[in-house]
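What follows is the residue order along each chain.
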Amino acid sequence: MKFGTFDDTRKEYVINTPKTPYPWINYLGNEQFFGLISNTAGGYTFYRDARMRRLTRYRYNNIPLDTGGRYYYLYDDGDFWTPGWMPVKRDLDFYECRHGLGYTSITGERNGISVNQLAFVPMGHNAEVHRLVVKNTGDAKKSVKLFSFAEFCLWNAQDDMTNFQRNLSTGEVEVKDSVIYHKTEYRERRNHYAFYSVNKAIDGFDTDRESFVGMYNGLDAPQAVAAGEATNSVASGWSPIGSHALNITLEPGEEQSFIFVLGYIENPEDEKWEALNVINKKPALAVIEQFATDAQVDAALAVLAAHWDNLLSKYQIQSGDEKLNRMVNIWNPYQCMVTFNMSRSASYFESGIGRGMGFRDSNQDLLGFVHQIPERARERILDIAATQFEDGSAYHQYQPLTKKGNNEVGSGFNDDPLWLISGTAAYIKETGDYSILDEQVPFDSNPDNTATLFEHLKRSFEHVTNNLGPHGLPLIGRADWNDCLNLNCFSTEPGESFQTTENIAGGVAESVFIAGLFVFVGPDYAEICRMRGLDDVAADAVAKIDNMREITLTHGFDGDWFLRAYDHYGDKIGSKENEEGQIFIEPQGICVMAGIGVEGGQADKALTSVQERLDTKYGIVLQQPPYSKYYLNLGEISTYPPGYKENAGIFCHNNPWIMIAETVLGHGDRAFEVYSKIAPAYLEDISEVHRMEPYVYSQMIAGKDAVRHGEAKNSWLTGTAAWNYVAITQSILGIQADFGGLKVDPCIPAAWDGFEITRVFRGDTYVIQIKNPNHVSKGVARLTVDGAAVEGNVIAPAGDGAVHHVVVELG
């Protein structure tokens, strides 16, 4: 069942009912100011850090679902409603939501009045702009009232939800002209405030929640709206809000627009005040003046559209598959950029108060967007590296506002360091910029203790070789990529965090996954060493990589697939010797991606086992059989019911590792089969089953052992976005940046006739036509650039900024 349609020309997903299976959301903002907005106008806004600089409240675990947002109420002679349907839920004569790239447009119509709510964050501004267009679609004159509504958060979203002893007494606002200023705690240590404005003279306002909503009312029936009259309340303690009231008279066919701006201002300490307890409003007024007219709003929208057109132009495909085109050209790279901005810190599912930017997560996210904005990728790599310790380990997360490591989670996730090598290598391959390796980067964010980025990479590599277990495999630490496989935790305390509790000292649990990752990432490190003239270091690295490959085959292969790990007692995890959890997806993917067992046939056996034992119609599950009870020696993975999350759920993040692994073996049909099972555009027709948005990936889909097989959870902020983009664009379609140039190595379904890729690489544009006359899956028979034959399949950078035409014949 569909609940909308793709509009590829406008790069939008068009939702035609507010009653989607779950709130279908969009992200607004690209730089420092961000907003989340659902198809019924729910969501919240923040500046840089969703925990420390939250502008508006959003309530999790709420009934009804998706309560709280930037709402606009239309009062029409006793009848009142909202254009996004929620929270009033009055029947609408017409409804439509268009989620576009960095903007959302919601239209509702009732009783001859149409209201369009357009929301976006303009480039270069710390503000969210909402343009409301109210139109009389009937044949009689109409007099209506418009009420805005936003509930301010008291900045620290966690403290706001818990510290009522203080927070119910601190709320403060100012109201001047048509602008409401939220200044809680500005009188003391804060130098920032929020503002909410409209570009017309107002007929009333409210800033006190109780006065506007009513003590015993909900947002579905605020008493001020029901009465059709603002109370002009001024918040004093309790819960501050912002609401403007506007009286509107419309002739038949007439429409009027109203531009609301919800923004964030920081003032220098010596410029905080205009007078005693009167905030300095000049910076806010300067922002408001830039969005006072429709022409200014239209111009800002054009800049936003040009920004996205430029980003997406870096990689475009023309093929006979419209679903493939829209995923590669629009929605997958769009999601990659959102994950780059947010990591996992702010979504409808992660409340934005507990997690920061992930060390592992952000490095993997780089893989999906580095070609779009390499300059921001460079900055991010240096930020990530600065949270590393001298021994090569790293904070698992850091907070986006301070860029310092998150002590609440700490370190000890032993795969983390290797991802820094992966992210840095991806950046160098894309840009050819080796100078990043000479940047001085702190350890533990200490500016007095620095080393070159290359030294950080060296310590990342050596962190593995310095932390090996009894079999010579890498020690797992708190966890590897699978944060729920906690082999050193042994937790018996209900509610205790598996990731942050004290782990067994000197643990011997080993990870086959980290071994595979070491062999996969290691060659890039060795090549970087060679590029720096460090041939001896490179040779030593290659020797250690080769040794790890042999150890993995000797101690990490179980006969038909790769083991997952060895636990604290030295017992196998992910083995046919186990009663449950006999085979895991992660080592099969990463080890074959690394080329382990390709020549000896172990790789082929591992992928065959994946297909036979883990595959389902909705994707590949994480392990089988699922765990039926809690295992003290395994940790959180065994706490989930069978089929959910890490206990045999379809963890979409690692499905693309199998896609890539299949291309290593030349299995183009199988690689694309796995891709299309979880790519959201291919799931649109089963939205009632899948439930999440049909335009972006989710973290998890319930596995075959679950009650609700095929149901997705936790969309948007997931490493699934980057890895699926890498799998389809680099491994299946086969256009990949490399140290020496642009490598062309497709691995596609044999039935495909071909396709065309436009790829911008190091300032040049390559129009690459792939022809498959012999209907093979893999192998480049001929390659020409501007008519000249090229030996091999790597295109050296031209460096002339021109357009070059490449023809590739497979065979």
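The written sequence of each chain sets the order in which its residues are numbered from 1. Under the rules for a predicted model, residues below a pLDDT of 70 receive no local features and side-chain atom pairs below 80 are neither given nor counted, while totals for whole chains, interfaces and linings still include all residues. The basis for every side-chain value is the complete set of heavy atoms in the structure, and neither hydrogens nor water enter the calculation.

Visitor: Please set out the overall build of the chain residue by residue, giving values where relevant.
Guide: Starting at the N terminus, helices and strands are each numbered in turn, a helix being any DSSP run of H or I of at least four residues and a strand any DSSP run of E of at least two. Counting its secondary structure elements, the chain contains 19 helices and 44 strands. Contacts are assigned to residue pairs with any non-hydrogen atoms lying within 4.5 Å of each other. Of the contacts formed within the chain by residues at least 6 apart in sequence, a portion of 68% connects residues at least 24 apart. Areas reported as accessible are Shrake-Rupley estimates using a 1.4 Å probe. Residue values count occlusion only from the protein chains shown. Accessible surface computed for the chain: about 28000 Å², of which carbon and sulfur atoms make up 47%. Counted as positive: Lys and Arg. Counted as negative: Asp and Glu. His and the chain ends are not counted at all. By convention, charge coordinates are those of NZ in Lys, CZ in Arg, CG in Asp, or CD in Glu. Taking the 70 positively charged and 107 negatively charged side chains of the chain as two groups, their mean positions are separated by 3 Å.

Visitor: Which residues make up the packing of aromatic side chains, and what are the values?
Guide: For this analysis, a ring pair means two rings from Phe, Tyr or Trp (six-membered ring only for Trp) whose centres lie within 6.5 Å, classed as stacked if their planes differ by under 30 degrees, edge-to-face if by over 60, and tilted for the remaining angles. Summed over the entire model, instances satisfying the criterion amount to 44 aromatic pairs. Each ring, one from Tyr58 and one from Tyr60, has its centre 5.1 Å from the other, and the planes form 80 degrees; the classification is edge-to-face. Buried residues are those whose accessible area, probed at 1.4 Å on protein chains only, stays under 20% of the maximum for their type, while exposed residues exceed 50% and partly exposed ones sit between those limits. Judged by relative accessible area, Tyr58 falls into the buried class, the value being 8%. Judged by relative accessible area, Tyr60 falls into the partly exposed class, the value being 22%.

Visitor: If you had to explain the pairing of strand S1 (residues 4-7) to someone new, which residues and values would you point to?
Guide: In summary, the side chains of a regular strand alternate between the two faces of the sheet. Paired strands, as defined in this entry, are two strands with at least two bridges between them according to DSSP. Direction of pairing for S1 relative to strand S2 (residues 12-15): antiparallel, over a ladder of four bridges. By the bridge assignment, Gly4 is partnered in S2 with Ile15. Hairpin geometry of S1 and S2 is characterised by an intervening segment of four residues between the two adjacent antiparallel strands and by a positive phi of about 55 degrees at Lys11.

Visitor: Explain the sheet that holds strand S28 (residues 565-566) residue by residue, including any values.
Guide: Spatial ordering of the open sheet is given by S27-S28-S29, a layout of three strands whose pairing is antiparallel. In the strand order of this sheet, the two ends are held by strand S27 (510-511) and strand S29 (572-573), each with one partner.

Visitor: Outline unusual backbone geometry, listing residues and values.
Guide: In this chain, Met86 is followed by Pro87 through a cis amide linkage whose omega measures 0 degrees. Of note, Pro87 is situated in the loop between strand S8 (79-81) and strand S9 (94-99). Cis geometry is found at the peptide bond from Gln624 to Pro625, where omega equals -20 degrees. Positionally, Pro625 belongs in the loop between strand S33 (623-624) and strand S34 (650-651). In the Ramachandran plot, Asn111 falls in the positive-phi region, its phi being about 50 degrees despite a non-glycine side chain. Exposure remark for Asn111: the relative accessible area of 41% places this residue in the partly exposed category. Its identity is not glycine, yet Arg691 carries a phi of approximately 75 degrees, on the positive side. With respect to the helices and strands, the residue Arg691 is situated in the loop between helix H18 (687-690) and strand S35 (698-701). The partly exposed category is assigned to Arg691, whose relative accessible area is 22%.

Visitor: How would you summarise a nonpolar patch on the surface if you had to cite specific residues and measurements?
Guide: Taken together, the side chains of Phe164, Leu168 and Trp238 make up a nonpolar region of the molecular surface, amounting to roughly 320 Å² of accessible area. Within the fold, Leu168 resides in the loop between helix H2 (164-167) and strand S14 (173-176). Patch rule: a residue counts if its relative accessible area is over 30% and it has no salt bridge; like charges are joined within 9 Å, and nonpolar side chains (Val, Leu, Ile, Met, Phe, Trp, Tyr) within 5 Å. Basic side-chain nitrogens of Lys or Arg form a salt bridge, by our definition, when they fall within 4 Å of a carboxyl oxygen of Asp or Glu.

Visitor: Break down the pattern of salt bridges for me, citing the residues and quoting the values.
Guide: As enumerated under the stated definition, the model contains 60 salt bridges in all. A salt bridge links Glu322 to Arg326, with the shortest nitrogen-to-oxygen separation between them at 3.8 Å. Taken together, the positions of Glu322 and Arg326, both in helix H7 (residues 322-342) and four residues apart, correspond to about one turn of that helix. Judged by relative accessible area, Arg326 falls into the buried class, the value being 6%. As a salt-bridge pair, Lys713 and Glu711 come within 3.6 Å of each other at their nearest N and O atoms.

Visitor: Any chance you could break down the sheet that holds strand S40 (residues 764-771) for me, citing the residues and the numbers?
Guide: Strand order in this open sheet of six strands is S22-S39-S40-S44-S41-S42, and the pairing throughout is mixed. Single-partner strands in this sheet number two, and they are strand S22 (315-318) and strand S42 (788-789). Bridge count between S22 and strand S39 (residues 754-761): four bridges; the pairing is antiparallel. By the bridge assignment for S39, Tyr315 is matched with Arg759.

Visitor: Report on helix H12 (residues 512-531), specifying residues and quantitative values.
Guide: By definition here, a helix of n residues has an expected span of 1.5 Å times n minus one. The terminal C-alpha atoms of H12, which comprises 20 residues, lie 29 Å apart, in line with the 28 Å expected from a rise of 1.5 Å per residue. For H12, the principal kink sits at Val521 and spans about 35 degrees; a proline, Pro523, occurs within the next four residues. With 15 of its 20 residues buried, H12 lies for the most part within the structure. Two residues or fewer past H12, Gly533 is found with a positive phi of approximately 80 degrees. For a residue, the bend is simply the angle between two axes, fitted respectively to the seven-residue segment ending there and the seven-residue segment starting there.

Visitor: Describe the environment of Asn247, listing the residues and the values that go with them.
Guide: Among the secondary structure elements, Asn247 is positioned in strand S18 (residues 240-250). The exposure class of Asn247 is partly exposed, given its relative accessible area of 46%. In sequence terms Asn247 and Asn16 are 231 residues apart; their C-alpha atoms lie 29 Å from each other. Apart from residues no more than four positions distant in its own chain, Asn247 is found in contact with Val144, Lys145 and Asp203.

Visitor: Kindly report on the packing of helix H10 (residues 416-431) against H12, identifying the contributing residues and their values.
Guide: For every element, the axis is a line fit to its C-alpha atoms; helices are fit only across the contacting stretch, and the angle between N-to-C directions ranges from 0 to 180 degrees. Remark: H10 packs on H12, axes separated minimally by 9 Å, with the N-to-C direction vectors making an angle of 40 degrees. Classified by the angle their axes make, H10 and H12 are oblique. In this structure, H10 crosses over H12, and the sense of that crossing is left-handed. Judged by residue contacts, Leu418, Trp419, Ile421, Ser422, Ala425, Ile428 and Lys429 of H10 engage Phe513, Ile514, Leu517, Phe518, Val521, Asp524, Tyr525 and Ile528 from H12. Any residue that is not Ala, Val, Leu, Ile, Met, Phe, Trp, Tyr, Cys, Pro, Asp, Glu, Lys or Arg is counted as polar, Gly included; the first ten are nonpolar and the last four charged. Residues of the contact of H10 with H12, tallied by class, amount to twelve nonpolar, one polar and two charged. Roughly parallel refers to an angle under 35 degrees, roughly antiparallel to one over 145, roughly perpendicular to one between 65 and 115, and oblique to any angle outside these ranges. Two helices cross in a left-handed way if the nearer one is turned anticlockwise from the farther one by less than a right angle. They cross in a right-handed way if the turn is clockwise.

Visitor: Kindly report on helix H8 (residues 359-369), identifying the contributing residues and their values.
Guide: Where burial is concerned, most of H8 is hidden: eleven out of the eleven residues are buried. Buried within H8 are the following residues: Phe359, Arg360, Asp361, Ser362, Asn363, Gln364, Asp365, Leu366, Leu367, Gly368 and Phe369.

Worth remembering: the numbers are spatial, not functional.
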